[in-house]
Amino acid sequence: MRAFRTASERRLNNLTLFAVCVAIWSTTWLAITYQLGAVAPEVSVGYRFLAAALLVAAWCRLRGLALGFRPAEHAFLALMGLFMYSVGYILVYHAERHVASGLVAIGYSASPMLSMIGTRIAFGQPMSARMAIGAAFGIAGIVLVFWPEFTRFSESRNALAGAVLTAAAVLVATLGGLVAQRNHAKNLRGAPAIAWGMGYGGAAALAIAAAAGRPFTIEWSWGYLVSLAYLVVFGSVITFGAWLTLLGRIGAARASYVGVMVPIVALVISTVFENLPWHPLMAAGMAISLAGNVLVLRQAPH
């Protein structure tokens, strides 16, 4: 009875972690739109992840977790931060200046498929025919989702820019995921690694802003400040902590189903708050893309 109760509690806890990741990450795409205005995306990303890094580092101190790493390890933490918490998010912020946040979220659903291809190239992980078919389905579905935007000739330039920026963001995030996978294998993981990664990412974003001549300003409006606080505390600290806990418990393949659910919820939120018009091709593309994700992530029968 005790073993059964423990297993049930663990399962409930995993479901709670899964729900937290989906619920929060689905809303962060919309929250980012409140960051777009007087403050340059590079600066907003820098503020977000430097603040998140300080919070995670403070939590590590309270828990007595060591924050020290060797110089060579810092190099890979910095590389992870550059891809995952700097350039990737800068591209997302710029993409959302051109297309609805829900469409960017759908574009990010290609991440599991690209990660599969990346791990095949970088780490020699085998790729089955089922996974290859799933990847083709997923990418085809994403093209269909964006296609109605391309056909609106008056906005085609914005749609193209949004699609290109989204694709670039996904590629950069995939590279970040590969570096994170390499770091995990070398025991560079957990809250201390996240703190350093976010810190390096935030610093890199501000360095990019300085190099591009972006002014270091802040918008003293409720929309900007509340969305920034939400993205720092919930979208960065809480969800990444919940995600890593879930990853450690159920493995990367099953935990990646978060990426299947998030775009669906994000697209619904975008429809409600951004008046995103639906098109039959968009609905069909989302269904095809999600089916491709399921094929990629579904474990082969034993």
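The structure displayed is predicted, hence computed values, not measured ones.

Trainee: How do you make sense of the overall build of the protein when you look at a structure like this?
Mentor: Regarding its fold elements, the protein presents 12 helices and 0 strands. Nonlocal contacts in the protein, meaning residues at least 24 apart in sequence, comprise 87% of its contacts between residues at least 6 apart. When the accessible surface of the protein is split by element, carbon and sulfur atoms take 70% of a total near 14700 Å².

Trainee: Looking at this structure, how should I read the nonpolar core?
Mentor: Counting 70 residues, the largest nonpolar core has W29, V92, L103, M198 and V258 as its most contacted members. For this core, the element with the most residues is helix 3 (residues 71–95), which contributes 10 residues. Every residue in contact with V258, bar those within four places of it in the chain, is listed here: F18, C21, V22, W25, W243 and L246.

Trainee: Which parts of the structure should I look at to understand the packing of aromatic side chains?
Mentor: Ring pairs (aromatic) are described by centroid distance and by the angle formed between their planes. Here the structure, examined in full by the defined rule, presents 4 aromatic pairs. Centre to centre, the rings of Y230 and F234 are 5.2 Å apart; their planes meet at 25 degrees, and the pair counts as stacked. Taken as a pair, Y230 and F234 lie in helix 9 (residues 222–250) at a separation of 4 residues, close to a single helical turn. Through a chain of ring-to-ring contacts, three or more aromatic side chains come together here, namely F49, Y85 and Y89. Between the NZ or CZ atom of R182 and the centre of the ring of F76, over which it lies, the distance is 3.5 Å.

Trainee: Honestly, the pattern of salt bridges in this entry has me stumped. Any pointers?
Mentor: A pair can form between side chains of opposite charge whenever their charged atoms are brought close. Per the stated rule, a full pass over the model turns up 2 salt bridges. Put simply, R214 and E42 hold a salt bridge, and the shortest N to O gap is 3.3 Å. Here E42 lies in helix 2 (residues 41–63) and R214 lies in the loop between helix 8 (191–211) and helix 9, a separation of 172 residues in the sequence. By relative accessible area, R214 is classed as partly exposed at 34%. Judged by relative accessible area, E42 falls into the buried class, the value being 5%. In this structure, the salt-bridge partner of R70 is E73, at a minimum N-O distance of 3.2 Å. Given a relative accessible area of 56%, R70 falls into the exposed group.

Trainee: Got a minute to help me understand helix 5 (residues 111–123) in this structure?
Mentor: Structural remark: α-helix, 3.6 residues per turn; residues separated by three or four positions point the same way. With 13 residues, helix 5 should reach 18 Å at 1.5 Å per residue; the first-to-last C-alpha distance of 17 Å fits that figure. Those residues of helix 5 lying buried are S111, P112, M113, M116, G118 and T119. After helix 5 finishes, the residue G124 shows a positive phi value of roughly 70 degrees.

Trainee: Looking at this model, I keep getting lost on the confidence of the model for the protein. Mind explaining?
Mentor: For residues with low pLDDT, the predicted coordinates do not support detailed interpretation. Chain-level statistics for the protein give a pLDDT mean of 82 and a share of 85% at 70 or above. Confidence over residues 1–12 falls short of pLDDT 50; this stretch has 1 contact with residues more than four positions distant or in other chains.

Trainee: I tried to follow the side chain of E42 on my own but got confused; where do I start?
Mentor: Here the side chain of E42 touches H94 through a polar contact of 3.0 Å, side chain to side chain. At 3.3 Å, the side chain of E42 forms a polar contact with the side chain of R214. Excluding residues within four positions of it along the chain, E42 makes contact with I90, H94, A205, L206, I208, A209 and R214.

Trainee: Whenever I open this one, unusual backbone geometry confuses me. Can you help?
Mentor: The phi torsion of most residues other than glycine is negative, and most of the peptide bonds are trans. Phi angles above zero are rare outside glycine, and N187 is one such case at about 65 degrees. If you trace the backbone, N187 turns up in the loop between helix 7 (156–185) and helix 8.

Cut-off values and rules
- Residues numbered from 1 in each chain as written.
- Predicted model: local features only at pLDDT ≥ 70, side-chain atom pairs only at ≥ 80, totals over all residues.
- Heavy atoms only, no water.
- Helix = DSSP H or I, 4+ residues; strand = E, 2+ residues; numbered from the N terminus.
- Contact = heavy atoms within 4.5 Å.
- Areas by Shrake-Rupley, 256 points an atom, 1.4 Å probe, with all protein chains shown as cover.
- Core = buried A, V, L, I, M, F, W, Y, C linked by side-chain atoms within 4.5 Å.
- Buried < 20%, exposed > 50% of the residue type's maximum accessible area, 1.4 Å probe, protein only.
- Phe/Tyr/Trp six-rings, centres within 6.5 Å; stacked < 30°, edge-to-face > 60°.
- Lys NZ or Arg CZ within 6 Å of the ring centre and 35° of its normal.
- Salt bridge = Lys/Arg side-chain N within 4 Å of Asp/Glu carboxyl O.
- Expected span 1.5 Å × (residues − 1).
- pLDDT = per-residue confidence, 0-100.
- Polar contact = N/O pair within 3.5 Å; in protein donor to acceptor, adjacent residues only side chain to side chain.

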